[in-house]
Amino acid sequence: KQEVTQIPAALSVPEGENLVLNCSFTDSAIYNLQWFRQDPGKGLTSLLLIQSSQREQTSGRLNASLDKSSGRSTLYIAASQPGDSATYLCAVMVSGAQKLVFGQGTRLTINP
Amino acid sequence: DAGVIQSPRHEVTEMGQEVTLRCKPISGHNSLFWYRQTMMRGLELLIYFNNNVPIDDSGMPEDRFSAKMPNASFSTLKIQPSEPRDSAVYFCASTLWAWDRNTIYFGEGSWLTVV
């Protein structure tokens, strides 16, 4: 059974810092890995999708990497801003099924 | 594009009542998902449909839960009878399924409180 873990559960940093969020998964048989952002009281917004054959994806100040063999992904946020404050969730799509298995998320707070 | 539309956004109901949550996926998408989010268990997949056909309902907690997708533009998730432990945020999501891309779009959620 696929399990996804995100560390840390919460992170608070001053504005302007570069930071890394971590995600690990137990079964390397995945189609893709996705990073989402969730604001309080809102739904999830897809940030980046990495196919299983890819190593990384970039969008603006965000960069996500995937190491399938070790079951790890990182989300790198450059020059953090208060508007980046949200919960970030990692999810893997299980091979052979259209199932996204989510981690518990990292609650990020960027202090002005 | 209007995005995934869910209704109601908030519902408070008494234990034992029937609850119906509704979802309109993004036009042209062929896969629809129902997720439940709680503090204790995080996001859990309840059921998903492909081309209006239920593919996997193994996440549906028990017989009190049922889901339908009568056409490509509408789905319902029904709880009957409702119990306090069903209190959660229920998300609907949709995607255009393809093996090389599967960005999933979520609705804003239906916040259910059963008292």
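Here, the structure is the one placed above.
What this report covers is the structure whose coordinates are included nearby. Residue numbers restart at each chain and count upward from 1, following the sequence in its written direction. Chain letters start at A and ligand numbers start at 1, both assigned in the order the entries are written. Residue-level local features of this predicted model are given only where pLDDT is at least 70; pairs of side-chain atoms are given and counted only at 80 or more, and the full residue set underlies all totals for whole chains, interfaces and linings. Hydrogen atoms and water are omitted, and side-chain values are computed over all heavy atoms in the structure.

## Section: the overall build of chain B
Then, number 1: Runs of E in the DSSP output that reach at least two residues are strands. Runs of H or I that reach at least four are helices, and both are numbered from the N terminus. Across its full length, chain B holds 0 helices and 11 strands.
Then, number 2: Overall, chain B shows an N-to-C arrangement of helices and strands of β-β-β-β-β-β-β-β-β-β-β.
Then, number 3: If you line up chain B on its principal axes, its C-alpha atoms span 40 × 30 × 30 Å.
Then, number 4: The rule is simple: take the accessible area with a 1.4 Å probe, protein chains only, and divide by the maximum for that residue type; under 20% is buried, over 50% is exposed, in between is partly exposed. Within chain B, the proportion of its 115 residues that are buried is 49%.
Then, number 5: Shrake-Rupley sampling with a 1.4 Å probe provides the accessible areas, and residues are treated as covered by the protein chains on show and by no other component. Within the structure as shown, chain B displays about 5,800 Å² of accessible surface, and the carbon and sulfur contribution to it stands at 52%.

## Quick notes on the interface of chain B and chain A
Then, number 1: Contacts are assigned to residue pairs with any non-hydrogen atoms lying within 4.5 Å of each other. At the interface, 26 residues of chain B touch 20 residues of chain A.
Then, number 2: Accessible-area loss on putting two parts together, using a 1.4 Å probe and summing over both, is the definition of buried area adopted here. The contact between chain B and chain A buries some 1,900 Å² in all, and 54% of this surface belongs to carbon and sulfur atoms.
Then, number 3: In what follows, salt bridge is the name for a side-chain nitrogen of Lys or Arg lying within 4 Å of a carboxyl oxygen of Asp or Glu. There are 2 salt bridges connecting chain B and chain A.
Then, number 4: Between Lys99(A) and Asp56(B) there is a salt bridge, and its shortest N-O distance comes to 2.8 Å.
Then, number 5: Among the secondary structure elements, those contributing two or more residues to the side of chain B that touches chain A are β4 (31–38) and β5 (42–50) of chain B.
Then, number 6: For the side of chain B that touches chain A, the element with the highest residue contribution is β5(B), accounting for 5 residues.
Then, number 7: Residues are grouped as follows: nonpolar covers Ala, Val, Leu, Ile, Met, Phe, Trp, Tyr, Cys and Pro; charged covers Asp, Glu, Lys and Arg; every other residue, Gly included, is treated as polar. Split into classes, the residues belonging to the side of chain B that touches chain A amount to 12 nonpolar, 8 polar and 6 charged.

## Considering the pattern of salt bridges
Residue and element names in this part refer to chain B.
Then, number 1: As enumerated under the stated definition, the model contains 12 salt bridges over all chains in all.
Then, number 2: Notably, a salt bridge pairs Arg41 with Glu44, separated by 2.6 Å at the nearest N-O pair.
Then, number 3: Taking the relative accessible area as the measure of exposure, Glu44 reaches 18% and is therefore buried.
Then, number 4: Here the residues in one salt-bridge network are Glu62, Arg64, Glu83, Arg85 and Asp86, joined through shared partners.

## Comments concerning unusual backbone geometry
Note on backbone geometry: most residues besides glycine have negative phi, and most peptide bonds are trans.
Then, number 1: Look at the link from Ile7(A) to Pro8(A): it is a cis peptide, with omega at 0°.
Then, number 2: Tracing the chain through its elements places Pro8(A) in the loop between β1 (4–7) and β2 (10–14).
Then, number 3: Here the residue pair Gln80(B) and Pro81(B) is connected by a cis peptide bond, since its omega of -5° sits within 30 degrees of zero.
Then, number 4: Tracing the backbone through its elements, the reader meets Pro81(B) in the loop between β8 (74–79) and β9 (88–95).
Then, number 5: For Ala79(A), which is not a glycine, the phi torsion comes out positive at approximately 45°.
Then, number 6: For Ala79(A), the position within the fold is in the loop between β8 (72–77) and β9 (86–94).
Then, number 7: Judged by relative accessible area, Ala79(A) falls into the partly exposed class, the value being 36%.

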